[in-house]
Amino acid sequence: MSAARLVWANLFRKRTRSILTVLSVAIAFLLFALLQAIGAAFDGGVSLQGVDRLIVSPKYSIVDPLPVRQREQILAVDGVEAIVGQNWFGGIYQDRRNFFPKYPVRPRPFFDIYGEFEIEPDVLERFARIRTAAVAGDVLMQRYGWQVGDIIPITADIWPKADGTRLWEFELVGSFTSQDERQPAQLFLFRYEYFTEAVASYGKDQVGWWTLRLDQPDRAAEIASEIDALFENSQTPTRSATEDEFQRQFAKQLGNISLIVRVIMGAVFFTIILLTANTMGQGLRERIPDLAVLKTLGFGDAWVSGIVLLEALLLVLLGAALGMGVAYALQGALAAGLAQIVGVFEITSATIAIGFGLAVAIGLLIGALPARTAHRLTIVEALRRG
Amino acid sequence: MGQILEITLMNLRNLVSRLGSSLVIVVGIAGVVAVLVGLLAMAAGFRAALQSASVPERAIVLRDQSNGELSSGMSNVEYNIVSQFEGVAVLSPELYVVADIPKMDTGTPANVVLRGVGPDAFVVRPEIEVIKGRRFEPGRNELLVGQLAAVEFAGLEVGAEIELKSSRWRIVGHFAANGSAYESEVWADLPVAQSAFNRGGALSSMRVLLEQPSLAASVAEAIKADPRLDLALTTEDQFYAEQSEGLSSLITSFGYAVATIMAIGAVFAALNTMYTAVSTRSVEIATLRALGFGALPVVISVLIEALLLAFLGGALGGLVVWLLFDGYTASTLNNASFSQVAFDFAVTPQLLQTGLVWALVLGAIGGLLPALRAARLPIFDALRGE
């Protein structure tokens, strides 16, 4: 009988126990993959596409506005290729629970800078031509059942119109999609020109922050400090950072929550693994007489302990593959639901690789003790014990 | 009844000899309960921080449709009108902005609430108590810092100076506020804050001390009916319930989701253990049956053993979380207000009770199937097997 068949047959010796063990290992690895992805999203550790993007935000507070006249000054900085201003519009669509970001933007620079969003040229053309036009990400179109041509009413909470009314109506001229499946398109965009024209006086000629595309991304830090120096002594000093860094800083605001969650998760993972180790160790100990028989038949110490180790490894690896497989299969469904909360939800190949690395390490750890017992086992003693 | 007692006692007496595998159930269930109670304690602490800020006789006035103080705005004119309304005992005009102050642990900027207030703010909120130093003086760049803000954010010790909006501010005192979210805020003199943040005479919100809690509805009605006002009054109870709803329900459902997945793993481990317990005792059980003990007492005795172990696990898990996390201070970004809220984990008796209920349910599930197997054990086969 080959070693592999023996190991396989042993797994089915106590079928219920093996299945339960594999399943509990699978649960641990399922949690591991999901939490790793959530943790990474909370840490902002997931790199987004915009490696060449720079965010210029107000230095002291997100509630400060930046004046539009900064546009020309920033564009003049060497290395800055394109610029678009964005404002947090807030606003309510039908009900406060219907949350999605709404930004007034200049259409062409926006889609030029956010290359991951794809928009049909004729939709972009209409968006740039019609004053009250708006475009929405395909996710929003689906969620609210919007059709091209619909009038979308948004009730302003931050930005009433100059005439004191708060109802903004936008003509939906089309949608756009995201090429980055980790980041579904769920933005609602309308024309900055319309916004600044119609908004109450305190909102005119201002943006919340600038997004820039650099043609020399490796000089990002230099360009950032150059821009900040430009406005340092003005009424509206800025703080510039790459989009990545900006996201990371923002994610850090969520703070020790993600740390706490991860600590708890670590505890969880090791609890389940320890339990499994115990159960498996017990199973292997029960088979000591079998092992003695193998040795009697002439199999060497190393071969017998190898069999034991292999079985432990196999159980853990099966569980890990099952758990992470389920997590991976659920990824799409979860990303759609979680994207609103964590931004990006992705089970990366690195996570899977780390998972299997852990599985091997745990398998060896769990198998080591019984394997040593098997190695040292003297036939006479083992048979007598049986 | 007597049979049940006898068998159960017998099982429990030899539990000690099966200590290792019994610990599997205890530790597994302790893990589930610890994670569940830990996350629920986080949600409860967060909710408590916001809701303990509310008092029945207080209300907040925001711009109509605003979902928070940050997106609200009003003028002095509106303040003067509302202050004349019947039922309004004291009206405190306030400015609410967020300022970037580094987090203590990460050093990255966080949105800390800076509240500009006049003397009436302290009249409206008698729970505010200066615990160190003094209040700010009118007209000066001085800050009174909430005691949790002082812990969570860097550079806020009494006597220190920080730079905000291009000017230097001196920290002159710390205050306590009954553990509420105000303790995460930084307070300054209203006119000073208005000029530092270029707000002219604009206000964000007004805090109302009503002559009687029952007057809230009539004052709200009067505000709504007045054509000069574009405002809405909400009682603090309702306002803070809305403010805390999003994040606390998110954490709660996250807690239940993770605990459910873990619980499945723990049930597998419990099943494993109890099946093993039953199979190693098959001779014993068969002997009892042969002696005339019924099937039911056998089932119940196995179940009781599982439940007892599960209860121990639940108690252990709850105890660990209580020791480690009760009162642990964390801070995070509340999406509803877009600002930092610091809070203490609250491991309440109800949560511990929830944890114990979970433990018992898991124990029952893990014990039932093995108990049935024990009862169905063919007596002859089991006895002959040895």
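Residues numbered from 1 in each chain as written. Chains lettered and ligands numbered in written order. Predicted model: local features only at pLDDT ≥ 70, side-chain atom pairs only at ≥ 80, totals over all residues.

### Brief notes about the nonpolar core
Thinking step 1. Formed by 180 residues in total, the largest nonpolar core has its most connected members in Leu-31 of chain A together with Val-32 and Ala-41 of chain B.
Thinking step 2. By residue number, the principal contributor to this core is helix α2 (residues 19-51) of chain B, which donates 22 residues.
Thinking step 3. Among the nonpolar cores identified, the runner-up in size contains 49 residues, and Leu-54, Ile-83, Tyr-114 and Ala-136 of chain A belong to it. (Core = buried A, V, L, I, M, F, W, Y, C linked by C-beta atoms within 7 Å. Buried ≥ 20, exposed ≤ 12 C-beta atoms within 10 Å, placed from the backbone. Helix = DSSP H or I, 4+ residues; strand = E, 2+ residues; numbered from the N terminus.)

### Digging into the packing of helix α8 (residues 236-280) of chain B against helix α11 (residues 349-376) of chain B
Residues and elements named next belong to chain B.
Thinking step 1. Running from N to C, α8 and α11 cross one another at 30°; their axes reach a closest spacing of 8 Å. On the basis of the axis angle, α8 is roughly parallel to α11. Crossing geometry of α8 relative to α11 is assigned as right-handed. Of the residues in α11, those in contact with Ala-263, Ala-266, Val-267, Ala-270, Leu-271, Met-274, Tyr-275, Ala-277 and Val-278 of α8 are Leu-362, Gly-363, Ile-365, Gly-366, Gly-367, Leu-369, Pro-370, Arg-373 and Ala-374.
Thinking step 2. Split by residue class, the contact of α8 with α11 holds 14 nonpolar, 3 polar and 1 charged. (Axes fitted to C-alpha atoms, helices over the stretch in contact; angles between N-to-C directions. Parallel < 35°, antiparallel > 145°, perpendicular 65-115°, else oblique. Left-handed = near helix turned anticlockwise from the far one by under 90°. Contact = placed C-beta atoms within 7 Å. Nonpolar A, V, L, I, M, F, W, Y, C, P; charged D, E, K, R; others polar.)

### Section: the confidence of the model for chain B
Thinking step 1. The share of residues in chain B with pLDDT of 70 or more is 98%, and the mean pLDDT across the chain is 87.
Thinking step 2. Overall fold confidence (pTM) sits at 0.78, and the ipTM for the predicted complex is 0.73. (pLDDT = per-residue confidence, 0-100.)

### Description of the environment of Gly-91 of chain A
All names here are of chain A.
Thinking step 1. Mapping Gly-91 onto the fold places it in the loop between β3 (80-86) and β4 (102-105).
Thinking step 2. Take Gly-91: there are 21 C-beta atoms within 10 Å of it, and that puts it in the buried class.
Thinking step 3. Considered as a pair, Gly-91 and Gln-235 are 144 residues apart in the sequence and their alpha carbons are 28 Å apart.
Thinking step 4. Excluding residues within four positions of it along the chain, Gly-91 makes contact with Lys-102, Ile-154, Thr-155, Ala-156 and Asp-157.

### Let's talk about unusual backbone geometry
Thinking step 1. One non-glycine residue, Asp-205 of chain A, lies in the positive phi region at around 55°.
Thinking step 2. By the secondary structure assignment, Asp-205 of chain A is in the loop between α7 (192-198) and β10 (206-207).

### Some details on the sheet that holds strand β12 (residues 238-242) of chain A
Residues and elements named next belong to chain A.
Thinking step 1. Read from one edge to the other, the open sheet built from 4 strands follows the order β3-β11-β1-β12, with strand pairing classed as antiparallel. Lying at the two open borders of the sheet, with one neighbouring strand each, are β3 and β12. Going from strand to strand, the sheet's axes swing by 25° on average, the running direction of each strand aside.
Thinking step 2. Pairing between strand β1 (residues 53-58) and strand β11 (residues 209-214): 4 bridges, direction antiparallel. Counterpart to Val-56 in the pairing with β11 is Trp-210. (Pairing = 2+ DSSP bridges.)

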